[in-house]
Amino acid sequence: MGKKRVMVPAKDLDLSTVKYEHEVIKAPHLMGLMLKLFVRMVEAPVLGSLIMSFLKKQNKMMLQNTVIPEAPMFKPEFPPQDAEPSVVIVDEERKPEDRAELALKCLPHYDPASCWSGDSLPSFRYWKIRDYAYAYRSKLVTPSMVAEKIISVIEDCNYHKPPTPLLISFDAEDIRKQAAASTRRFEEGNQLSILDGIFMAIKDDIDCYPHPSKGATTWMHEVRSVEKDAVCVSRLRSCGVILVGKANMHELGMGTTGNNPNYGTTRNPHAVERYTGGSSSGPAAIVASGLCSAALGTDGGGSVRIPSSLCGVVGLKTTYGRTSMEGSICDAGTVEIIGPIASTVEDVILVYAAILGSSPDNRICLRPPPPCFPDLSSLENANTLGSLRLGKYTEWFNDVHSTDISDICEDVLKLLSKSHGCETIEIVIPELHEMRTAHVVSIGSETQCSLNPDCEDGKGVKLTYDTRISMALFRSFTASDYIAAQCLRRRIMHHHMEIFKKVDVIVTPTTGMTAPKIPSSALKDGETDMQVTAYLMRFIIAGNLLGLPAITVPVGYDKQGLPIGLQLIGRPWGEATILHLASAVEELCAKSRKKPASFYDILNIK
């Protein structure tokens, strides 16, 4: 038996004694025959539990001998927060289309000439939602014309060498029907909102009627029927959004690369031989390639932020409870949210405005304050930025696979200080290792609970090999592990709330590495590589375990030309502050943005 460890109460922890520990993962990297053999071993009754016990000990994931003085926190609980400065408050009871229009008024002035004429245009820019809206209103193009371009690209994708499967479910006639309805509204001058005629993809674990929700498995649609849209999707539909189908993902969201042997692995638009990141692989690739203005993903362990960062786009993880999870496969968890992915911060704001709104249950227990948007149209907004204090834990910040990442992220902090007067303050975040353990036990136990009936019913063997390894790990968690993880959640929430008394935003790189290479031998049966997972998840856990809002913004490229993202983690309900800061970061880095190798200029009407 291991030695008993007694933790001091979180409020009594002396931060001067905290030493940063570099995370060392001890687990085999397996593909092909070795992967299949390992799955058989971990699923064997006695041998499996011995292997999992050994791996957990090797990686210091044992909670049984730890005495944690805090009471459990079974879902995020937030202390009351001060109001954010320079924001526009919105009533979440208002119609989604009204909220989108209010968000539109908060954006900087739109000058069509800046993107539709002149020789001084930037070498590359993504078409924004307001560009599409202008093109439709000016009759330069119709939603139906755009639909035909998008349909032809999607149909071609599976014939690419290598194939680039972006969508799992797609119906060309359904897209044409939605586009025709939108075209009619523009002809009659009755468009529903700024989002009318905007094309979006929905991750395959969020319901979008009449498509099945498979969660990228081969069987989920057989046991779970889709009768209507998820709440978030229905809000988008009421704004006139055209839904192109269900985007590819890592099976059941249980991976950070986007590898999927069931439907093919989505490729990174910046380098087709590399992963997009996961689990929202399809949504990030669709946006990065210019095919759709935005997409919805889910984020339970970085699944919106990791692929957004690796693909060079913007991904927002909202505060837990800010958006409704009703109608998603993972709607019963305490770490997961549905969030927008888009090519720019302003487009993320518009989509966020449409989908926000807590579920009735969360309104009762979380008591969310009214949502806010940053007022990017006002002159005071620059002064607000200058007062922001950015928290940086240097040793953690620099713990990356390549110094290209930390150097470029550091340069952005210097630019923010020089251009806007933002102050960077050194912070210490204790118990990062405990936070990771608490997260994996929490998300693993919740996943196991929701999938257990189907796995017991024989569906477990139909999962991909890496998912089966994850499930074997999750099965090894006990009830006492789960309770201990929730006690750690309360401790770590205390540490973060103390940090937020000193700073407004915590800044980190989004991922500890840029897009990893896809081993050709991993395409058929998948792979397990926990070292890569650790690098990709290094900075994202607080957003999920504690339910904090976080956003990733593209800030540059490594020496191989692969995108790097900067992550901004905000106070509970502090979406407006991180969106405001993200907009400033985006502006500072705009000139360095490069066109992806695989890019579709959908709105080019020359």
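Just above, that's the structure.
These numbers were taken from a predicted model, which means no experiment stands behind them.

**Examining the overall build of the protein**
Moving on, step 1. Helix and strand counts for the protein stand at 22 helices and 19 strands.
Moving on, step 2. Relative to the 2.2 N^0.38 estimate, which gives 25 Å for 606 residues, the radius of gyration of the protein is 23 Å and therefore close to what a compact globule would have.
Moving on, step 3. Across its three principal directions, the C-alpha atoms of the protein cover 75 × 50 × 50 Å.
Moving on, step 4. Out of the 606 residues belonging to the protein, those deemed buried represent 62%.
Moving on, step 5. If you sum the accessible surface of the protein, you get close to 23,500 Å²; carbon and sulfur atoms cover 55% of it.
Moving on, step 6. Positive and negative side-chain charges of the protein, numbering 65 and 70 respectively, have mean locations separated by a distance of 3 Å.

**A few points about the side chain of Glu 575**
Moving on, step 1. In this fold, Glu 575 is placed in helix H22 (residues 575–589).
Moving on, step 2. Those residues in contact with Glu 575, other than ones at most four positions away along the chain, are Glu 84, Thr 318, Thr 319, Arg 322, Tyr 352 and Pro 549.

**Notes on a nonpolar patch on the surface**
Moving on, step 1. On the surface, Met 34, Leu 37, Met 41, Val 46, Leu 47 and Leu 50 cluster together to form a nonpolar patch covering roughly 560 Å² of accessible area.
Moving on, step 2. Of all elements in the fold, only helix H1 (32–43) and helix H2 (45–58) reach the threshold of two or more residues within the nonpolar patch.

**Here's the deal with the sheet that holds strand E18 (residues 550–557)**
Moving on, step 1. Pairing is mixed in the open sheet, where eleven strands are placed in the order E5-E7-E6-E10-E12-E11-E18-E19-E16-E14-E15. What marks the edges here is a single partner per strand, and that holds for strand E5 (167–169) and strand E15 (423–426). Strand-to-strand, the axes of this sheet are offset by a mean angle of 35 degrees, without reference to chain direction.

**Regarding the pattern of salt bridges**
Moving on, step 1. Counted by the stated rule, this structure contains 32 salt bridges.
Moving on, step 2. Here Glu 575 and Arg 322 are joined by a salt bridge, their closest N and O atoms 3.7 Å apart. Of the two residues, Glu 575 is situated in helix H22 and Arg 322 in the loop between strand E11 (314–317) and strand E12 (337–342); the sequence distance between them amounts to 253 residues. In terms of burial, Glu 575 and Arg 322 fall into one category: buried.
Moving on, step 3. In this structure, Glu 431 and Arg 491 form a salt bridge, with 2.7 Å as the shortest nitrogen-oxygen distance.

**Notes on the packing of aromatic side chains**
Geometrically, a pair of aromatic rings is defined through the distance of the ring centres and the angle of the planes.
Moving on, step 1. Counted under the stated rule, the structure contains twelve aromatic pairs.
Moving on, step 2. One aromatic cluster is present, formed by Phe 124, Tyr 126 and Phe 599 through successive ring pairs.
Moving on, step 3. Its end group placed over the ring of Phe 397, Lys 392 keeps NZ or CZ at 4.8 Å from the ring centre.

**A closer look at helix H16 (residues 403–420)**
Moving on, step 1. Here H16 is 18 residues long and its end C-alpha atoms lie 25 Å apart, about the 26 Å a rise of 1.5 Å per residue gives.
Moving on, step 2. When we look at burial in H16, the residues that qualify are Asp 404, Ile 405, Ser 406, Cys 409, Val 412, Leu 413 and Leu 416.

**A short note on the packing of H1 against helix H18 (residues 465–475)**
Moving on, step 1. Running from N to C, H1 and H18 cross one another at 25 degrees; their axes reach a closest spacing of 10 Å. Classified by the interaxial angle, the pair formed by H1 and H18 is roughly parallel. Crossing handedness for the pair H1 and H18: left-handed. Together, Leu 35, Lys 36, Phe 38, Val 39, Val 42 and Glu 43 of H1 and Tyr 465, Arg 468, Ile 469, Ala 472 and Arg 475 of H18 make up the contact between the two elements.
Moving on, step 2. The residue inventory of the contact of H1 with H18, partitioned by class, reads seven nonpolar, no polar and four charged.

**Quick notes on the state of the cysteines**
Moving on, step 1. One pass over the structure, following the stated rule, counts zero disulfides.
Moving on, step 2. No disulfide involves Cys 292; its nearest neighbouring cysteine sulfur is the one of Cys 157, lying 11 Å away.
Moving on, step 3. Take Cys 292: its relative accessible area is 4%, and that puts it in the buried class.
Moving on, step 4. With no disulfide partner, Cys 449 has as its closest neighbouring cysteine sulfur the one in Cys 455, 12 Å distant.

**Details of helix H9 (residues 231–238)**
Moving on, step 1. Looking at H9, one finds that the buried residues are Val 231, Cys 232, Val 233, Arg 235 and Leu 236.
Moving on, step 2. Packing partners of the buried residues in H9 comprise helix H3 (96–105), strand E6 (199–203), strand E7 (242–247), strand E10 (294–299), E12 and helix H12 (345–355).
Moving on, step 3. Phi turns positive, to about 90 degrees, at Gly 240, one or two residues after H9.

**Focus on the environment of Pro 79**
Moving on, step 1. Structurally, the position occupied by Pro 79 is in the loop between strand E3 (66–67) and strand E4 (87–89).
Moving on, step 2. On the accessibility criterion, Pro 79 (34% relative accessible area) is partly exposed.
Moving on, step 3. Along the sequence, Pro 79 and His 433 sit 354 residues apart, while their C-alpha atoms lie 24 Å from each other.

**With respect to the pairing of E18**
Consecutive side chains along a regular strand alternate between the two faces of the sheet.
Moving on, step 1. The element E18 is largely enclosed, with a buried count of eight among its eight residues.
Moving on, step 2. As defined by bridge partners, E11 adjoins E18 across three bridges and the pair is classed as antiparallel. What sits directly across from Lys 317, in E18, is Ala 550.
Moving on, step 3. In this antiparallel pair of consecutive strands, E18 and strand E19 (residues 563–570), the connection spans five residues, and Gly 561 shows a positive phi of 80 degrees.

**A word on unusual backbone geometry**
Across the chain, the bulk of peptide bonds are trans and the bulk of non-glycine residues have phi less than zero.
Moving on, step 1. Residue Pro 210 is reached from Tyr 209 by a cis peptide bond, and omega for that bond is 5 degrees.
Moving on, step 2. With respect to the helices, strands and loops of the structure, Pro 210 is situated in the loop between E6 and helix H8 (220–223).
Moving on, step 3. For the peptide bond that leads from Gly 278 to Ser 279, omega is 10 degrees, which places it in the cis range.
Moving on, step 4. Mapping Ser 279 onto the fold places it in the loop between strand E9 (271–275) and helix H10 (281–288).
Moving on, step 5. Despite not being glycine, Ser 86 has its phi angle at roughly 50 degrees, a positive value.
Moving on, step 6. Within the element layout of this structure, Ser 86 appears in the loop between E3 and E4.
Moving on, step 7. Of note, the phi angle at Lys 139 is positive, near 60 degrees, even though the residue is not glycine.
Moving on, step 8. Within the element layout of this structure, Lys 139 appears in the loop between helix H5 (129–137) and helix H6 (143–157).

What counts as what
Residues numbered from 1 in each chain as written. Predicted model: local features only at pLDDT ≥ 70, side-chain atom pairs only at ≥ 80, totals over all residues. Heavy atoms only, no water. Helix = DSSP H or I, 4+ residues; strand = E, 2+ residues; numbered from the N terminus. Rg over C-alpha atoms; globule rule 2.2 N^0.38 Å. Buried < 20%, exposed > 50% of the residue type's maximum accessible area, 1.4 Å probe, protein only. Areas by Shrake-Rupley, 256 points an atom, 1.4 Å probe, with all protein chains shown as cover. Lys, Arg positive; Asp, Glu negative; His and termini not counted. Charge placed at Lys NZ, Arg CZ, Asp CG, Glu CD. Contact = heavy atoms within 4.5 Å. Patch = residues over 30% accessible without salt bridge, like charges linked within 9 Å, V, L, I, M, F, W, Y side chains within 5 Å. Salt bridge = Lys/Arg side-chain N within 4 Å of Asp/Glu carboxyl O. Pairing = 2+ DSSP bridges. Axes fitted to C-alpha atoms, helices over the stretch in contact; angles between N-to-C directions. Phe/Tyr/Trp six-rings, centres within 6.5 Å; stacked < 30°, edge-to-face > 60°. Lys NZ or Arg CZ within 6 Å of the ring centre and 35° of its normal. Expected span 1.5 Å × (residues − 1). Parallel < 35°, antiparallel > 145°, perpendicular 65-115°, else oblique. Left-handed = near helix turned anticlockwise from the far one by under 90°. Nonpolar A, V, L, I, M, F, W, Y, C, P; charged D, E, K, R; others polar. Disulfide = S-S within 2.5 Å.

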